[in-house]
Amino acid sequence: MRQDPYGRSQYGQGGGRRGGGLGNLRWLILLGFLVYGGCYYLNNRVVDPYTGEKVLIDNSIGVEEEKALGLQAYEEILQQEQPVDPNSQIAQQVRTIAQRLIAKVPEVEAAIAAEKGTQPSGNWKSFDWDVNVIQSDQANAFCLPGGKMAVYTGLIPVAQNADAVAVVMGHEIAHALLRHGAQRMSQQKLTQIGQMAGAMSGMDPQQQQMVMAAMGYGYLLPYAREHETQADEVGLMLAAAACFNPQEAVPLWQRMSEASGGQAPPEFSSTHPNPGTRIQNLTALMPKAMAYRAKFCPQGAAQ
């Protein structure tokens, strides 16, 4: 059969075989990445003592590495955003709230682990706790892996009282206790594996964008919202055990919603639950929180 200069048969049969071979190769590449991604996912899961569920944490990401990353981020933030005088009244008040919350971490972790039938991790034992107040209009706070915390002054007028500030700080501490930072890093690696699979399997940029969008709405954003819900629960128990009034959580989030001017995106496209969902979840948790307060708050210590 006569061949043309490009190796194709007169009737295009050779070209069909060549294209089929390339298509098969792409499918093999995609399958290989899927197998690798599946193995990575299955081999890097550990039981979370706070939820009793298996979560994805890369085996190479240890608590000490998390701490180092947290410290680096903390130092960079403090260089860019000057904290208020540590001897100021607001700094002292925030520091006192933090100390009360931190003091209850062992008891709360043990209690939650017992409820879930897990063993306490004790990762917090290596934390180098520190807290600063940063001058900013943001109604926000954070706690980085390793226990480095900050509260923005913009939170204070929205919170209105120490109980509400404790609810927010308890939530942020819970993110660190639950190792959400390590989980997000591991999730990002899994996402990168998916991106590489798409690129090397021959997907065009538009197809890759569609796949990643579907992954975002179907997996990544719900995953982030789940982290927020978990931190809400653990943080609420922590605040209650530290003798703060957990019932301040509901009016706090009502005020937070008002402060945002109702500009929050739809829940399905957000990393956070919407205020209504959050308030509903916190309301459902309130009997448990009050039981924690009764159990762990010494008689007469409530303030």
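Residues numbered from 1 in each chain as written. Predicted model: local features only at pLDDT ≥ 70, side-chain atom pairs only at ≥ 80, totals over all residues. Heavy atoms only, no water.

- The name that an unreviewed UniProt entry assigns to the protein chain is M48 family metallopeptidase, with the source organism given as Pseudoxanthomonas mexicana.

**A look at the pairing of strand β4 (residues 141–144)**
Then comes step 1: Burial along β4 is two-sided: the face carrying Ala141 and Cys143 and the face carrying Phe142 and Leu144 are both buried.
Then comes step 2: Alignment of β4 against strand β5 (residues 148–152), held across 4 bridges, turns out to be antiparallel. What sits directly across from Phe142, in β5, is Ala150. (Buried < 20%, exposed > 50% of the residue type's maximum accessible area, 1.4 Å probe, protein only. Helix = DSSP H or I, 4+ residues; strand = E, 2+ residues; numbered from the N terminus. Pairing = 2+ DSSP bridges.)

**As for the nonpolar core**
Then comes step 1: Counting 56 residues, the largest nonpolar core has Leu101, Met169, Leu236, Leu252 and Tyr292 as the members making the most contacts within it.
Then comes step 2: At 10 residues, helix α6 (residues 162–177) tops the list of elements feeding residues into this core.
Then comes step 3: Filtering out sequence-adjacent residues up to four positions away, Met169 remains in contact with Val94, Ile97, Ala98, Leu101, Val131, Met149 and Val151.
Then comes step 4: The next biggest cluster of nonpolar side chains, apart from the first, holds 7 residues, and it includes Phe142, Leu144, Ala150 and Tyr152. (Core = buried A, V, L, I, M, F, W, Y, C linked by side-chain atoms within 4.5 Å. Contact = heavy atoms within 4.5 Å.)

**What about the packing of aromatic side chains?**
Then comes step 1: For the structure shown, the criterion picks out 4 aromatic pairs.
Then comes step 2: Both rings, one in Tyr292 and one in Phe296, keep their centres 5.4 Å apart while their planes meet at 55°; by these two values the pair is tilted. One end of the pair, Tyr292, and the other, Phe296, are both in helix α10 (residues 275–296), 4 residues apart, so they sit about a helical turn from each other.
Then comes step 3: Three or more aromatic residues joined by ring pairs form one cluster here, namely Tyr74, Phe142 and Tyr152.
Then comes step 4: Of note, Arg100 hangs over the ring of Phe244, and the distance from its end group to the ring centre comes to 3.8 Å.
Then comes step 5: Note that Arg278 overlies the ring of Trp253, its terminal NZ or CZ placed 4.1 Å from the centroid. (Phe/Tyr/Trp six-rings, centres within 6.5 Å; stacked < 30°, edge-to-face > 60°. Lys NZ or Arg CZ within 6 Å of the ring centre and 35° of its normal.)

**Some words on unusual backbone geometry**
Outside of glycine, negative phi angles account for most residues, and trans bonds account for most peptide bonds.
Then comes step 1: With phi around 55°, Arg179 is a residue other than glycine that occupies positive phi space.
Then comes step 2: Note that Arg179 resides in the loop between α6 and α7 (180–200).
Then comes step 3: Note on Arg179: relative accessible area 13%, which makes it buried.
Then comes step 4: Located in the positive-phi region is Cys243, a residue other than glycine, with phi close to 75°.
Then comes step 5: Position of Cys243 among the secondary structure elements: in the loop between α8 (205–241) and α9 (249–259).
Then comes step 6: Take Cys243: its relative accessible area is 5%, and that puts it in the buried class.

**As for the sheet that holds β4**
Then comes step 1: The mixed open sheet is built from 3 strands, whose spatial order is β3-β5-β4. Sheet topology places β3 (130–134) and β4 at the edges, where each strand pairs with a single neighbour. Neighbour to neighbour, the strand axes of the sheet diverge by 15° on average, direction disregarded.
Then comes step 2: Along the sheet, helix α3 (residues 89–103) makes contact with β3 and β5, crossing β3 at roughly 145°.
Then comes step 3: Lying over the sheet, α6 contacts β3, β4 and β5, oriented at roughly 25° with respect to β4. (Axes fitted to C-alpha atoms, helices over the stretch in contact; angles between N-to-C directions.)

**Remarks on the state of the cysteines**
Then comes step 1: All chains considered together, the criterion is met by 1 disulfide.
Then comes step 2: The disulfide partner of Cys243 is Cys297, and the S-S distance across this bridge is 2.2 Å. Judged by the sign of its S-S torsion, about 115°, the cystine formed by Cys243 and Cys297 is right-handed. Linking Cys243 in the loop between α8 and α9 with Cys297 in the segment after α10, this pair joins segments that are 54 residues apart in sequence. The pair Cys243 / Cys297 is uniform in exposure class, with both members buried. (Disulfide = S-S within 2.5 Å.)

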